Amino acid sequence: MSAFGAYIIGDEILSGRREDKHFAKLRALLHARGLRLAWVHYLGDDPRRLTEAFRHSFASEDIVFSFGGIGATPDDHTRQCVAQALGVPLELHPEAEALIRARFGERTTAQRLEMGRFPRGARIIPNPYNQIPGFSVGNHHFVPGFPVMAWPMIEWVLDTQYAHLFHREDYVEDSVYVWDAHEGDLVDLMQALTARYPEGTLFSLPSVPEETGGRRRLELGFKGPRAIVEAAMRDIVAALEERGLPWERPHS
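Predicted model, so just to flag it, every value in this text is computed and none were measured.

1. Brief notes about the UniProt feature "domain: MoaB/Mog" (unreviewed entry) in the protein chain
Move 1: In the UniProt entry, the feature "domain: MoaB/Mog" (unreviewed entry) is given for residues 5–165.
Move 2: Structurally, residues 5–165 comprises 41% helix and 21% strand, and the distance from its first C-alpha atom to its last is 15 Å.

2. Here we look at the sheet that holds strand 2 (residues 37–43)
Sheet strands associate in pairs through backbone hydrogen bonding, adopting either a parallel or an antiparallel arrangement.
Move 1: Strands sit in the order 2-1-3-8-7-6 across an open sheet of six strands; the sheet is mixed. Two strands bound the open sheet, and with one partner strand each, they are strand 2 and strand 6 (123–125). Pairwise comparison of adjacent strand axes, ignoring direction, gives a mean angle of 20 degrees for this sheet.
Move 2: As paired strands, strand 7 (residues 134–137) and strand 8 (residues 140–143) are joined by three bridges and run antiparallel to one another. Across the sheet, Val-137 pairs through a bridge with His-140, a residue of strand 8.
Move 3: Sitting on the sheet, helix 3 (residues 47–58) touches strand 1 (4–9), strand 2, strand 3 (63–67), strand 7 and strand 8, and the angle it makes with strand 1 is about 170 degrees.

3. Points about the pairing of strand 3
Move 1: With respect to burial, strand 3 is a largely interior element, five of its five residues being buried.
Move 2: Here strand 3 shows no split at all, with Ile-63, Phe-65 and Phe-67 on one side and Val-64 and Ser-66 on the other all buried.
Move 3: With five bridges joining them, strand 1 and strand 3 adopt parallel strand pairing. The residue bridging Gly-5 from the neighbouring strand is Val-64, located in strand 3.
Move 4: Sheet analysis places strand 3 next to strand 8, joined by four bridges and oriented parallel.

4. Focus on the layout of surface pockets
Move 1: If you add up the space inside the largest pocket, you get close to 710 Å³.
Move 2: Looking at the largest pocket, it is lined by 30 residues, and the ones nearest its centre are Gly-69, Asp-76, Pro-144, Gly-145 and Phe-146.
Move 3: For the lining of the largest pocket, the secondary-structure elements that each account for two or more residues are helix 1 (11–15), helix 6 (110–113) and helix 7 (147–161).
Move 4: Residues belonging to the lining of the largest pocket are distributed by class as follows: 11 nonpolar, 10 polar and nine charged.
Move 5: In this model, the second largest pocket occupies a volume close to 440 Å³.
Move 6: Taken together, Arg-27, Ala-28, His-31, Gly-34, Leu-35, Arg-36, Leu-37, His-167, Glu-169, Tyr-171, Val-172 and Glu-173 make up the lining of the second largest pocket.
Move 7: Mapped onto the lining of the second largest pocket, the elements with two or more residues apiece are helix 2 (22–31) and strand 9 (172–179).
Move 8: Counting residues per element, the lining of the second largest pocket draws most heavily on helix 2, which supplies three residues.
Move 9: Residue composition of the lining of the second largest pocket, by class: five nonpolar, three polar and four charged.

Rules used in this analysis
Residues numbered from 1 in each chain as written. Predicted model: local features only at pLDDT ≥ 70, side-chain atom pairs only at ≥ 80, totals over all residues. Heavy atoms only, no water. UniProt positions renumbered as here; feature names shortened; annotations may be inferred. Helix = DSSP H or I, 4+ residues; strand = E, 2+ residues; numbered from the N terminus. Pairing = 2+ DSSP bridges. Axes fitted to C-alpha atoms, helices over the stretch in contact; angles between N-to-C directions. Contact = heavy atoms within 4.5 Å. Buried < 20%, exposed > 50% of the residue type's maximum accessible area, 1.4 Å probe, protein only. 1 Å grid on protein atoms, 1.4 Å probe; cavity = no way out; pocket = protein on both sides within 12 Å on 5 of 7 lines; lining within 4 Å. Points joined across faces, edges and corners; volume = space filled by probe spheres on them. Nonpolar A, V, L, I, M, F, W, Y, C, P; charged D, E, K, R; others polar.

What follows is the structure, encoded as structure tokens:
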């Protein structure tokens, strides 16, 4: 099954002038469809780094969503860098041109048409907010940085192009909160579970007392095929009760 990745692009994200919201939203959109993110990269508006990143991911089979940098101002480099990574020219896409002309009418300018210049062979992604499209090349999908535009565009891509992948992977996550325990107290249990269930993955997420009202807490869980996770969690709960350690399910 193909892995899903994301590029989140813009100096404004790295400098803190804007807070990224795409990571959490994309993760939620995928999760609702039984899919999950394998990686996320944050990149500034550096053409060299962008081109290198795109060249690397185009060489993979990953399904990639890229947010930002597809406008026509001097600090927008995504379209050009995609074309350079692929070794193809930018061309005015006929469907994009028609949408831009319909949007602006007599106010259509060469600058506005520049937003419809995509790498040769690209497909458009409809933009329900203002009709200025994004574009896809292979399994890479490029949308604006504005959430109000980007998120419905991503949903459209998922639902029209990847529905055959929805809920196909046998994968779940489950965990419990363990109170008043250090990770070191449970290393032997973790090692035993990892050896007993190699088809799954154990995780341990400690919290410092300042985050939990002054009490030490450890989230201990398993992820992987459902049957494996259910068996591992039964073993975890039994071991915690045998050791007299208080535990509870995380609040949803």
